[in-house]
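Single-letter residue listing:
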Amino acid sequence: MSAVSDAVRVAPPANAVTQSFRDSMVVAKRNLIRMSRIPEMIIYGLIQPIMFVVLFTYVFGGSMQIGGSTSAVDYKNFLMAGIFAQTVTFATASSGAGIADDMHKGLIDRFRSLPMARGAVLTGRTLADSVQTALTLVVLAVVALIVGWRVGTDGDTNVGKVLAAFGLLLLLGYAFTWIGALIGMSVRTPEAATSSGLIWLFPVTFISNAFVDTGHMTPWLRHIAEWNPFSATVQACRVLFGNPGQSHSGAWPMQHSVWASLIYSVLIIAIFRTLAVRKYRSATA
Amino acid sequence: MPGAIYAEGLVKTFGDVRALDGVDLDVPEGTVLGLLGPNGAGKTTTVRCLTTLLRPDSGKAVVAGIDVLKQPDAVRRSIGLSGQFAAVDEYLTGRENLQMVGQLYQMRAKQAKARAVELLEQFHLTDAADRPTKTYSGGMRRRLDLAAALVVSPPVMFMDEPTTGLDPRNRQQLWEVIKQLVSGGTTLLLTTQYLEEADHLAHDIAVVDQGKVIAKGTSDQLKARTGGERVEVVVHERDHIQTAADVLRGFGKGDTTVEEHTRKLTVPVTGGAKLLAEIIRELDTRGIEIDDIALRRPTLDDVFLSLTGHVAEEKPEGNGAQGGRKDTRKEAVK
């Protein structure tokens, strides 16, 4: 049929993996251009973690007991790994809202009608969000250094370990953006995505070792906190930064925090990417 | 051989709602089918099934000779879709939007870039090419959306209510663009709530109501089915209504209806323009002054009314539409 032969200006892709990568990059570029045109989003994204650094450092600093110490300096050095980790998880809300917005505006329909890789719209979005997360982390690290955070205060560290810690943080952030992607595909409006993207993050990030020593929690809560995937990354960062307040609990994720952090993040990506892409395939706006 | 767009027994249910209840379509290559119906009739669902966005519960669909259910990706390479909402990224410029869509149609970056320039030119968007589309007017966005659907010059196009929410001038402009497109041999399925639009653009019309195609044919065939012409007269003075009615009774092929408050009389006729002249002469002889007289052929509104028992609704659907009339559903007056 002549209609078909006319159409073959666009050849089917030779390799599904190459196509998937290429399409994801096209979508990531689109999202990065968007971000650069809405700088206020990045700025607001920075205000909250910076506020947390300053508030926790100066308000809680003197009264929190970390290990055996209640010194403000110890708390400051303890705190930063927690704040960094919490900050990367908040990327969930923005990727969820972004994807819900695309659904709402009919862009997902357009993408789904194109001969592009099925996972690319979401992968492109999560990658672009990770670029923003990385940017946020850099700014936050500078602010932390300004208020007096130092690495190597309670253990060995080096540049490699510090970079590895930031790598784990980025990976955790990337994993959480896939949870956001699933939320974004599941709710109807960007507003709903933002609030439902944040609500569950509070218990997840607070029932953890991020801001307090889990040793002071009641046992059942302590177990939850120690097995919380989020805690593994926080503990891993403290170990790699050589910062105080590392848990000496016998829980496996606390003992092998770097591995635990990696495994948890990869698992979250595998599970939520599968669910989100499945949702994308059958999306009805 | 089936046409460029072919559907047989498409069924889709959402919970208890049977959105499609066995839709059959056959659109020959190079023609335009207007899918006409009120909101919720199943127009959009039909388009979504044919464009791989939605999997029907049962039925068969073939687009550009390719089975939609078996080879969705091959279908996607052969179609362009322009939706109800202008689906372009509002923070990207027109050029960036078109380049992105080109690349996602698997064009090389360079090829996509060159094609974007061509399309911007063709759709009179060159001056606005490097502005974020947020700053575009509604009409410009629709044009960009349409351009995005045409990036690979697909042989088959789907347009879901392309002009909903546009002002008359922009609608007219978009019609011209669509006509040009179709003259190039593209097969087009167009959904619309505007009867005038289907009349204007489509070769064939399929009227959809409650998930079924309830009538098919050319605009003229559908109108002929509905019945013939009628003459409408508006007399200048209320006192003349009775006399005018007597005159019309002599020429008419049925009962004359009178609207007292508008001083309007309507009578079904056969005989066209010649008869109209005779009526005018007769009214003149009797000294009846008239404000208006016209020979009316049935509109698609009449067609729709006679087929479904209610007029086509026009109300805003989603946020892309504005200014549509709400609540125009009327019961048929028999």
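This structure is a prediction, so every number in the text was calculated from the model and none was measured. (Residues numbered from 1 in each chain as written. Chains lettered and ligands numbered in written order. Predicted model: local features only at pLDDT ≥ 70, side-chain atom pairs only at ≥ 80, totals over all residues.)

**Section: the overall build of chain A**
Part 1 of the argument: Looking only at helices and strands, chain A has 14 helices and 0 strands in total.
Part 2 of the argument: A compact globule built from 285 residues would reach a C-alpha radius of gyration of about 19 Å, and chain A, at 21 Å, matches this within 12%.
Part 3 of the argument: Taking the principal axes of its C-alpha atoms as reference, chain A extends roughly 80 × 35 × 35 Å.
Part 4 of the argument: Of all 285 residues assigned to chain A, the portion counted as buried reaches 49%.
Part 5 of the argument: Contacts in chain A between residues at least 24 apart in sequence constitute 81% of all its contacts with a sequence separation of at least 6. (Helix = DSSP H or I, 4+ residues; strand = E, 2+ residues; numbered from the N terminus. Rg over C-alpha atoms; globule rule 2.2 N^0.38 Å. Buried ≥ 20, exposed ≤ 12 C-beta atoms within 10 Å, placed from the backbone. Contact = placed C-beta atoms within 7 Å.)

**A few points about the overall build of chain B**
Part 1 of the argument: Each helix and strand in chain B was counted, giving 11 helices and 14 strands.
Part 2 of the argument: By principal-axis analysis of the C-alpha atoms, chain B measures approximately 75 × 45 × 35 Å.
Part 3 of the argument: Counting all 334 residues of chain B, 48% fall into the buried class.

**Things to note about the nonpolar core**
Part 1 of the argument: By size, the foremost hydrophobic cluster in this structure holds 150 residues, and its most contacted members are Ala85 and Cys237 of chain A together with Val63 of chain B.
Part 2 of the argument: Per-element accounting of this core gives the leading share, 14 residues, to helix α8 (residues 159-186) of chain A.
Part 3 of the argument: In this structure, Val233, Ala244, Leu265 and Leu283 of chain B belong to the second largest nonpolar core, which totals 11 residues. (Core = buried A, V, L, I, M, F, W, Y, C linked by C-beta atoms within 7 Å.)

**Things to note about the sheet that holds strand β2 (residues 17-27) of chain B**
Residues and elements named next belong to chain B.
Part 1 of the argument: Strand order in the open sheet made by the 4 strands is β2-β1-β4-β5, with antiparallel pairing throughout. Looking at which strands have only one partner, the edges of the open sheet turn out to be β2 and β5 (66-67).
Part 2 of the argument: As paired elements, strand β1 (residues 5-14) and β2 share 8 bridges and run antiparallel to each other. Paired with Lys12 across the bridge in β2 is Leu20. (Pairing = 2+ DSSP bridges.)

**A few points about the sheet that holds strand β7 (residues 156-160) of chain B**
Residues and elements named next belong to chain B.
Part 1 of the argument: Strand order across the open sheet formed by 6 strands is β6-β7-β8-β3-β9-β10, with mixed pairing between neighbours. The open sheet terminates on both sides in strands that have one partner only, identified here as β6 (79-82) and β10 (212-217). Neighbour to neighbour, the strand axes of the sheet diverge by 15° on average, direction disregarded.
Part 2 of the argument: Most of the contacts of helix α5 (residues 138-149) go to β6, to which it runs at about 165°, and overall it touches β6 and β7. (Axes fitted to C-alpha atoms, helices over the stretch in contact; angles between N-to-C directions.)

**Observations regarding the pairing of β1 of chain B**
Residue and element names in this part refer to chain B.
Part 1 of the argument: Counting the residues between successive antiparallel strands, the hairpin from β1 to β2 contains 2 residues, one of them, Gly15, with a positive phi of roughly 60°.
Part 2 of the argument: Sheet topology note: the β1/strand β4 (residues 58-63) ladder contains 5 bridges and is antiparallel. Residue pairing across strands places Val11 opposite Ser58, the latter belonging to β4.

**Digging into the interface of chain B and chain A**
Part 1 of the argument: The partner chain A presents 26 residues to the 34 residues of chain B that form the contact.
Part 2 of the argument: Of all elements in the fold, only α2 (72-78), β6 and α3 (94-104) of chain B reach the threshold of two or more residues within the side of chain B that touches chain A.
Part 3 of the argument: Considering every element that reaches the side of chain B that touches chain A, the biggest residue donor is α3 of chain B, with 5 residues.
Part 4 of the argument: By residue class, the composition of the side of chain B that touches chain A is 20 nonpolar, 8 polar and 6 charged. (Nonpolar A, V, L, I, M, F, W, Y, C, P; charged D, E, K, R; others polar.)

**Points about the packing of helix α3 (residues 39-60) of chain A against helix α7 (residues 120-147) of chain A**
All names here are of chain A.
Part 1 of the argument: One way to put it is that α3 packs onto α7 with a least axis distance of 10 Å and a crossing angle of 30°. In this view, α3 runs roughly parallel relative to α7, as classed from their interaxial angle. Here α3 runs over α7; the crossing is right-handed. Contacts from Ile42, Gly45, Leu46, Pro49, Ile50, Val53, Val54 and Thr57 in α3 reach Gln132, Leu135, Thr136, Val139, Leu140, Val143, Ala144 and Val147 in α7.
Part 2 of the argument: For the contact of α3 with α7, the class distribution of residues is 12 nonpolar, 4 polar and no charged. (Parallel < 35°, antiparallel > 145°, perpendicular 65-115°, else oblique. Left-handed = near helix turned anticlockwise from the far one by under 90°.)

**Comments concerning the confidence of the model for chain A**
Part 1 of the argument: Confidence in the prediction of chain A, expressed as mean pLDDT, is 90, and 94% of residues score 70 or more.
Part 2 of the argument: The model gives residues 1-8 of chain A a pLDDT under 50, and that stretch makes 17 contacts with residues more than four places away or in other chains. (pLDDT = per-residue confidence, 0-100.)

**Looking at the packing of helix α5 (residues 91-104) of chain A against α8 of chain A**
Residues and elements named next belong to chain A.
Part 1 of the argument: Interhelical geometry of α5 versus α8 gives an angle of 35° and a closest axis separation of 7 Å. Judged by the twist between their axes, the crossing of α5 over α8 is right-handed. In this structure, α5 uses Ala91, Thr92, Ala93, Ser95, Gly96, Ala97, Gly98, Ile99 and Ala100 to contact α8, whose residues at the interface are Gly173, Phe176, Thr177, Ile179, Gly180, Ala181, Ile183, Gly184 and Met185.

**Thoughts on the pairing of strand β8 (residues 187-192) of chain B**
Residue and element names in this part refer to chain B.
Part 1 of the argument: Burial analysis of β8 places 6 of its 6 residues in the buried class, the great majority of the element.
Part 2 of the argument: Covered by surrounding structure in β8 are Thr187, Leu189 and Thr191 together with Leu188, Leu190 and Thr192, the residues of both alternating faces.
Part 3 of the argument: As paired strands, strand β3 (residues 32-36) and β8 are joined by 5 bridges and run parallel to one another. Across the sheet, the residue bridging to Gly34 is Leu190, located in β8.
Part 4 of the argument: Note: β7 against β8, 5 bridges, orientation parallel. Note on β8: the bridge partner recorded for Val156 is Thr187.
Part 5 of the argument: Regarding the hand of the β-α-β motif, the stretch spanning β7, helix α6 (residues 168-183) and β8 is right-handed. (Right-handed = clockwise from strand over helix to strand, strands pointing away.)

**Overview of the confidence of the model for chain B**
Residues and elements named next belong to chain B.
Part 1 of the argument: Looking at chain B, pLDDT values average 85 and 91% of them are 70 or higher.
Part 2 of the argument: The least confident element of chain B, judged by mean pLDDT, is helix α11 (residues 300-308) at 75; the most confident is α3 at 96.
Part 3 of the argument: In this model, residues 313-334 is a region of pLDDT below 50 whose contacts with residues beyond four sequence positions or in other chains number 39 contacts.

**Observations concerning helix α2 (residues 16-37) of chain A**
Part 1 of the argument: In this model α2 of chain A runs 32 Å from its N-terminal to its C-terminal C-alpha over 22 residues, within 8% of the 32 Å that 1.5 Å per residue would give.
Part 2 of the argument: Among the residues making up α2 of chain A, those that are buried are Asp23, Ser24, Val26, Val27, Ala28, Arg30, Asn31 and Met35 of chain A.
Part 3 of the argument: In this structure, the buried side of α2 of chain A is in contact with α3 and α7 of chain A together with α3 of chain B. (Expected span 1.5 Å × (residues − 1).)

**A closer look at the environment of Arg171 of chain B**
Residue and element names in this part refer to chain B.
Part 1 of the argument: Relative to the elements of secondary structure, Arg171 occurs in helix α6.
Part 2 of the argument: What makes Arg171 buried here is the crowd of 20 C-beta atoms within 10 Å.
Part 3 of the argument: C-alpha separation for the pair Arg171 and Thr126, spaced 45 residues apart in sequence, amounts to 20 Å.
Part 4 of the argument: When sequence neighbours within four positions are dropped, the list of residues in contact with Arg171 reads Thr163 and Leu166.

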